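# A structural walkthrough
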Amino acid sequence: MTAPAVLEETAAESAGSLTVIKARHPGRWIAGAVVAVLLAMAVNALVTNPAWDWPVVGAYLFHPSVLHAVLFTVELTALGIVLGFLLGTVLALMRLSRVPLLASAAWGYVWLFRSVPLILQLLFWYNLAALYKQISFGVPFGPAFFSVGSMDLIGPVTAAALGLALHQAAYAAEIVRGGFLSVDPGQLEAAAALGIPRARQIFRIQLPQAMRSIVPAAGNEIIGLVKGTSVVYIMALPELFYQVQVIYNRNGRVIAMLLVAAIWYLVLTTVLSAAQYYVERRFGRGLARALPPTPVQRVRRILTVRRAARRQRPAGDGGGRR
Amino acid sequence: MSAPMVDVRGVHKSYGPLEVLRGVDLRVQPGEVTVIIGPSGSGKSTLLRSINHLEKIDRGYVAIDGEFVGYRRSGDRLHELRERDILRRRTQIGFVFQNFHLFPHLTVRENVTEAPISAQRRPRDEVEALATELLEQVGLSDKAGAYPRQLSGGQQQRVAIARALALRPKVVLFDEPTSALDPELVGEVLEVMKALARSGTTMIVVTHEIGFAREVADTVVFMDAGQIIEQGPPGLVLDRPRHDRTRAFLSKVL
Ligand SMILES: Nc1ncnc2c1ncn2[C@@H]1O[C@H](COP(=O)(O)OP(=O)(O)OP(=O)(O)O)[C@@H](O)[C@H]1O
Ligand SMILES: [Mg+2]
């Protein structure tokens, strides 16, 4: 061991300019090296083994039929989430309302649609046309103004989107309700004391604060649904998973085609995760004393600090660099 | 005597079997400052909350400037108002909470302008100008763009006062406005309140700050167990109380 430098009064100390040497962490370096070697082995296995069929993956990754399937998957997800969360928000507000019938109706909905498996619900909507031949619009229990054949109204695409959205709404309702419950009741009291109208209390005061706990849970749901859309393959709809099955049944390149699908699912969830990060920041405004920097800001800050440090180093001793 | 700004008559209020207010009568004249003191649990907060109808009372009535907050009178009958109308009338009453309850996702300025614009539908220009003026009055002009969590407790409470004043209320109710503050921050909030009292604002203040009561109160009210035990000028109630219970309470807080 060397004697601690601070014990001796040096010229640098009396000038108040001691140099800080960062502590060394050999353990971290060793652990890092082990992981790096394992990663390299995994990459090597992925690249060199011909069974992965990378040329085929490359050929189909941007194949028009695959791109269409990706687009359809995105559409289904968007429809399911947007409609699901709209209906879910309505259900949550019903559940929190002071009208008992509204609250129990919302409870019943959530109970029913969370209890029945999604795949069963999808098949049910798909076959609904067989159950009700006609759907009529008019006075409830009274005369109908016009009717449409249910097959026209609920085609397979509508059935899929409807099924996903109705199922999603049950989960969204609970997420939104949980968000509202997480807001300090004092907020509502202050809003009421200020005479702020009821709707404004909900959407201007409560909801933005509720979003803080809604967004992470909703992010989970959206990413779940991107992959969850793959269950509509049972309705023979050309979403991503169904489409790669069609292709590998034709060309026999099962692993390669599954990889194509996996890569696209990875891309979609990566984009969504990044979006979630920024949405969370947006609703975090004012709730933390300072917002954490975005990755871009972080990189920029590191660069400027480096540059500043280099500029500050006295010309004589900077030695090694440049 | 002129008509009272706040008229509380025979107010009873129970939570289940617990009777929290047992026939409270209180009149506050325009421009007067009334300070309510009393032991914990005596019903002070409940009384304030009843005055702006955050609590529904069981018996009696509360009128602000001759108008009932929660009811419409026709002949001898009181018709309960719908929530929308109650909210509208409540904008005549400012309320300052012990724990501030500022809206954390809105800036200081937005906290102040929210209710006048959305509840009172006043023109934005006028409200913005008023907000600037009020923030200056509470000494926070430089914090208009900050979020509440970036402020100290004393600063937050001063914003809450500005927010209440932005409604141009007929009366401002304060429920222990300095109780949640560190001792060194109490002074700055009391200073703002004293200036407000001097400017002729009608105020009802629940507080344990006896010094404040002595300095600015026109009337001090002592409450115990849901009733007003005595009330009068601070010189009388604080220095020569007539009731043993008042004396016992004062000996503990002074
Ligand atoms: N929502 C409620 N439900 C049941 N009891 C309540 C409720 N609010 C208040 N109480 C009770 O009513 C009584 C009076 O409460 P209140 O808050 O008015 O007292 P206070 O005089 O303001 O006391 P403190 O000085 O501690 O603030 C207390 O016994 C309290 O427990
Ligand atoms: Mg209280």
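To keep things clear, this report deals only with the structure shown in the data block.

What counts and how
- Residues numbered from 1 in each chain as written.
- Chains lettered and ligands numbered in written order.
- Predicted model: local features only at pLDDT ≥ 70, side-chain atom pairs only at ≥ 80, totals over all residues.
- Heavy atoms only, no water.
- Near = heavy atom within 4 Å.
- Polar contact = N/O pair within 3.5 Å; in protein donor to acceptor, adjacent residues only side chain to side chain.
- Helix = DSSP H or I, 4+ residues; strand = E, 2+ residues; numbered from the N terminus.
- Nonpolar A, V, L, I, M, F, W, Y, C, P; charged D, E, K, R; others polar.
- Phe/Tyr/Trp six-rings, centres within 6.5 Å; stacked < 30°, edge-to-face > 60°.
- Lys NZ or Arg CZ within 6 Å of the ring centre and 35° of its normal.
- Axes fitted to C-alpha atoms, helices over the stretch in contact; angles between N-to-C directions.
- Parallel < 35°, antiparallel > 145°, perpendicular 65-115°, else oblique.
- Left-handed = near helix turned anticlockwise from the far one by under 90°.
- Contact = heavy atoms within 4.5 Å.

### Quick look at the site of ligand 1
Residue and element names in this part refer to chain B. Around ligand 1, the surrounding shell consists of Tyr-15, Leu-18, Val-20, Pro-39, Ser-40, Gly-41, Ser-42, Gly-43, Lys-44, Ser-45, Thr-46 and Glu-176. Ser-40 is positioned with one of its side-chain polar atoms (N or O) 2.5 Å from an oxygen atom of ligand 1. Gly-41 is positioned such that a nitrogen or oxygen atom in its backbone is 2.8 Å from an oxygen atom of ligand 1. Of all elements in the fold, only strand S2 (18-28) and helix H1 (44-51) reach the threshold of two or more residues within the shell around ligand 1. Here the element with the most residues in the shell around ligand 1 is H1; it accounts for three residues. In the shell around ligand 1, the residues fall into four nonpolar, six polar and two charged.

### Observations regarding the packing of aromatic side chains
Applying the stated criterion to the full structure yields nine aromatic pairs over all chains. Taking the centre distance of 5.5 Å and the plane angle of 80° together, the rings of Tyr-233 of chain A and Phe-241 of chain A count as edge-to-face. Consider the rings of Phe-222 of chain B and Phe-249 of chain B, whose centres lie 5.4 Å apart with planes at 40°: the pair is tilted. Of this pair, Phe-222 of chain B sits in strand S11 (residues 219-224) while Phe-249 of chain B is found in helix H9 (residues 244-253), placing the two residues 27 residues apart along the sequence. A cation over an aromatic ring shows up here: Arg-282 of chain A above the ring of Phe-283 of chain A, its NZ or CZ 5.3 Å from the ring centre.

### Thoughts on unusual backbone geometry
Positioned with a positive phi, His-53 of chain B is a non-glycine residue whose angle comes to about 65°. Structurally, the position occupied by His-53 of chain B is in the loop between H1 and strand S4 (59-64).

### Focus on the packing of helix H5 (residues 100-115) of chain A against helix H9 (residues 156-181) of chain A
Residues and elements named next belong to chain A. At a minimum axis distance of 8 Å, the contact between H5 and H9 shows a crossing angle of 125°. Judged on the interaxial angle alone, H9 and H5 are oblique. Relative to H9, H5 is oriented so that their crossing is left-handed. Across from Tyr-109, Val-110, Phe-113 and Arg-114 in H5, the residues of H9 making contact are Leu-166, His-167, Ala-169, Ala-170, Tyr-171, Ala-173 and Glu-174. The residue inventory of the contact of H5 with H9, partitioned by class, reads eight nonpolar, one polar and two charged.

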